[in-house]
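# Breakdown of the fold
Residue strings, one per chain:
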Amino acid sequence: MVVAFSPNMIFYYLAIHSIVCFVPSESIGFTLRLIPRFSPESPLYPGNLTFEEQLDQAIEISKSRANYSDFLSTPESSLSPDNIRFWVRPDNFFYTTEVTLGTPTSPQQLLVDTGSGLIWTQCAPCINCYDQSIPIFNRDQSRTYSKVPCDDPICARHKCLDGECAYQINYGGGAVSRGLVSKETFTFTTNQGLVRVPNIVFGCGDDNQRFAFDRRGISGILGLDMGPDSLTMQLFNQIQGRFSYCLVYSKAEMTASSPLRFGEDTVLPPRPDIQTISIVKQRRFKNIYVKLVDVSVGDKRLGFPPGTFDLDTNTGRGGCMFDTGALGMYFNQGPYDAVMKEFDDHFSSFGLKRVSVSKDLRYCYNYHPKFQAYAKMTLHFPTADYVVEPTYLYLHYERKGYFCVGVFIYPGQQQQTIIGSWLQQDMRLLYDLNVGVIRFMPENCAADQ
């Protein structure tokens, strides 16, 4: 799920819009901006890398995210929501976004995490805070800040310590964020100006240790899962349970930002090519699953047995999901072998030679600029066909003389199928949780800003 305005732009909007609306309950729409790690605007920016180096980094992030998704799909994850078991390092995240909170407003850069719920940001005065390159949010200076009291039902999801409602999130590698469960006014951008939404629950983290974020502009994490403390679920009624995104095609470099829209900003134009997929009904796990029934490579449908990709709602094994944190397509070993055999047969029929690249990129071939006969892949759902055109399926390492099929073996134990961000480019996906569907249609996402 699967986004941010620079501080200067936020102040610009504050200057030109004289009316700021407070919206406690009515329907709203707003847009965040997903900033990819390879954009110079991102606090995760690794420097001026070649496109091939960017691809290699994105593949490593994908493996980490797939393992994270593997844990979130186990029964243990639903029993231990405060134990993320994920290494929170800069090289494990792809997107950041900017949110603005407090009165007066304080812009903060957050890591976008579809696998966690509670929003948290570093808060002053600090007990322990990592070195943050932008000003830390100071709760004592905000007129709209408040603590959640221990007798509030919200605190039942957390703990009451020394008379205060407190949260603690433990991450892999020993990183931990602790602080007060709080409420604050968040400011979002809309087509009509700015909208201020009061009383959003967040973690005011004044004790954050062993995070590898020193001297970066990372303030905390924006949780977007299906848990009650996530931004999506807190604003469920105001946004009518709807959010959408449209990932800009990364033809030459993965630097373009993409919009993440909520509520009234998610309206789709009346087009005949809009398709709809039902979301699998389940309440135990945090991921949003869809029912994949079959796969085609080129014009050949593989005919997988019914239930091959189904989710076991008891164990969390299997299931198919869209994930912006992963790069390519992930299949479990058996389906992977069957799908890749078809790709290999296709390219072999044109005399292309397979080359050995790495344990992750197993199906790569010599690149010829004049070769155009790339096979598409179609993901078949009960009510829709999601066609992945060649533009969004292959990873081209032109300087190294080869291209690779952007399909990988799922690294975890839960046998999941993941449709990653590369295959979602130039496709608008709208999640309508009110009716339990995902709608999608092809679009030039670069024009949707």
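For the chain, the name recorded in an unreviewed UniProt entry is Aspartic proteinase nepenthesin-1-like, with Punica granatum as its organism.

Tallying secondary structure elements over the chain gives 5 helices and 30 strands in all. Expressed as a percentage of the 449 residues in the chain, the buried residues total 59%. Of the roughly 18400 Å² of accessible surface on the chain, 50% is carried by carbon and sulfur atoms.

Further remarks concern the pairing of strand β5 (residues 106-113). Burial analysis of β5 places 8 of its 8 residues in the buried class, the great majority of the element. For strand β4 (residues 95-101) and β5, the ladder comprises 6 bridges, and the chain directions are antiparallel. Its bridge partner being in β5, glutamate 98 is matched across the sheet by glutamine 109. Both β5 and strand β13 (residues 220-223) contribute to a ladder of 4 bridges, which runs parallel. The residue bridging aspartate 113 from the neighbouring strand is glycine 223, located in β13.

Before going further, it helps to examine the pairing of strand β2 (residues 29-36). The buried count for β2 comes to 8 of 8 residues, which makes it a mostly enclosed element. By the alternation rule, side chains of β2 split into Gly29, Thr31, Arg33 and Ile35 and Phe30, Leu32, Leu34 and Pro36, which are all buried. The pairing of β2 with strand β15 (residues 258-263) spans 6 bridges and is classified as antiparallel. Among the inter-strand pairings, phenylalanine 30 is bridged to a residue of β15, identified as phenylalanine 262. Pairing of β2 with β4, which is carried by 2 bridges, proceeds in the antiparallel orientation. When the bridges of β4 are listed, proline 36 appears paired with tyrosine 95.

With that out of the way, let us pick up the state of the cysteines. Considering all chains together, one arrives at 6 disulfides under this definition. In this model, cysteine 126 is linked to cysteine 129 through a disulfide, with the two sulfur atoms separated by 2.1 Å. A torsion of -85° about the S-S bond marks the disulfide between cysteine 126 and cysteine 129 as left-handed. On the accessibility criterion, cysteine 126 (34% relative accessible area) is partly exposed. Between the sulfur atoms of cysteine 150 and its disulfide mate cysteine 160 the distance is 2.0 Å. Across the S-S bond linking cysteine 150 and cysteine 160, the dihedral sits near 85°, which makes this disulfide right-handed. In this pair, cysteine 150 is assigned in the loop between β8 (146-147) and β9 (159-161) and cysteine 160 in strand β9, connecting sequence segments 10 residues apart. By relative accessible area, cysteine 150 is classed as partly exposed at 26%. Residue cysteine 160 is classed as partly exposed on the basis of its relative accessible area of 43%. What links to what in the chain: the bonded cysteines, counted in sequence order, pair as 1-8, 2-3, 4-6, 5-7, 9-12, 10-11.

With that out of the way, let us pick up the packing of aromatic side chains. Summed over the entire model, instances satisfying the criterion amount to 34 aromatic pairs. The interplanar angle of 90° and the centroid separation of 6.3 Å between the aromatic rings of phenylalanine 343 and tyrosine 394 together place this pair among those described as edge-to-face. On the criterion of sequence distance, the pair formed by phenylalanine 343 in helix α5 (residues 333-348) and tyrosine 394 in strand β25 (residues 394-397) is long-range, its members being 51 residues apart. The residues phenylalanine 343 and tyrosine 394 share a single accessibility class, namely buried. An aromatic cluster is present here, built from Phe30, Phe137, Tyr145, Phe186, Phe188, Phe202, Phe243, Tyr245, Phe262 and Tyr431 joined pairwise through their rings.

With respect to the helices, strands and loops of the structure, leucine 34 is situated in strand β2. By relative accessible area, which is 1% here, leucine 34 ends up buried. Residues leucine 34 and cysteine 246, 212 residues apart in the sequence, show an inter-C-alpha distance of 9.8 Å.

Okay, the layout of surface pockets next. Of the pockets and cavities examined, the second largest pocket occupies roughly 400 Å³. Along its surface, the second largest pocket is lined by 20 residues, and Tyr249, Lys251, Tyr367, His396 and Glu398 are the ones closest to its centre. Of all the elements in the fold, those that place two or more residues in the lining of the second largest pocket are α2 (51-72) and β25. For the lining of the second largest pocket, the element with the most residues is β25, which contributes 3 residues. When we break the lining of the second largest pocket down by domain, the ones giving at least three residues each are domain 1 (29-73 + 81-263) and domain 2 (270-447).

What the 4 strands build is an open sheet, ordered β18-β17-β23-β24; its pairing is antiparallel. The outermost strands of the open sheet, each flanked by one partner alone, are β18 (300-301) and β24 (384-388).

Here the focus is empty space enclosed by the protein. Counted as a void, the second largest cavity has a volume near 120 Å³. In terms of lining, the second largest cavity is formed by 14 residues, of which the most central are Phe94, Tyr95, Val248, Ser250 and Gln425. Split into classes, the residues belonging to the lining of the second largest cavity amount to 9 nonpolar, 5 polar and no charged. Here the lining of the second largest cavity spans two domains, since at least three of its residues come from each of domain 1 (29-73 + 81-263) and domain 2 (270-447).

The next point concerns the environment of aspartate 113. Assignment of secondary structure puts aspartate 113 in strand β5. In this structure the C-alpha to C-alpha distance between aspartate 113 and glycine 325, which are 212 residues apart in sequence, comes to 8.2 Å.

About the cut-offs
- Residues numbered from 1 in each chain as written.
- Predicted model: local features only at pLDDT ≥ 70, side-chain atom pairs only at ≥ 80, totals over all residues.
- Heavy atoms only, no water.
- Helix = DSSP H or I, 4+ residues; strand = E, 2+ residues; numbered from the N terminus.
- Buried < 20%, exposed > 50% of the residue type's maximum accessible area, 1.4 Å probe, protein only.
- Areas by Shrake-Rupley, 256 points an atom, 1.4 Å probe, with all protein chains shown as cover.
- Pairing = 2+ DSSP bridges.
- Disulfide = S-S within 2.5 Å.
- Phe/Tyr/Trp six-rings, centres within 6.5 Å; stacked < 30°, edge-to-face > 60°.
- 1 Å grid on protein atoms, 1.4 Å probe; cavity = no way out; pocket = protein on both sides within 12 Å on 5 of 7 lines; lining within 4 Å.
- Points joined across faces, edges and corners; volume = space filled by probe spheres on them.
- Domains from an automatic or database assignment.
- Nonpolar A, V, L, I, M, F, W, Y, C, P; charged D, E, K, R; others polar.

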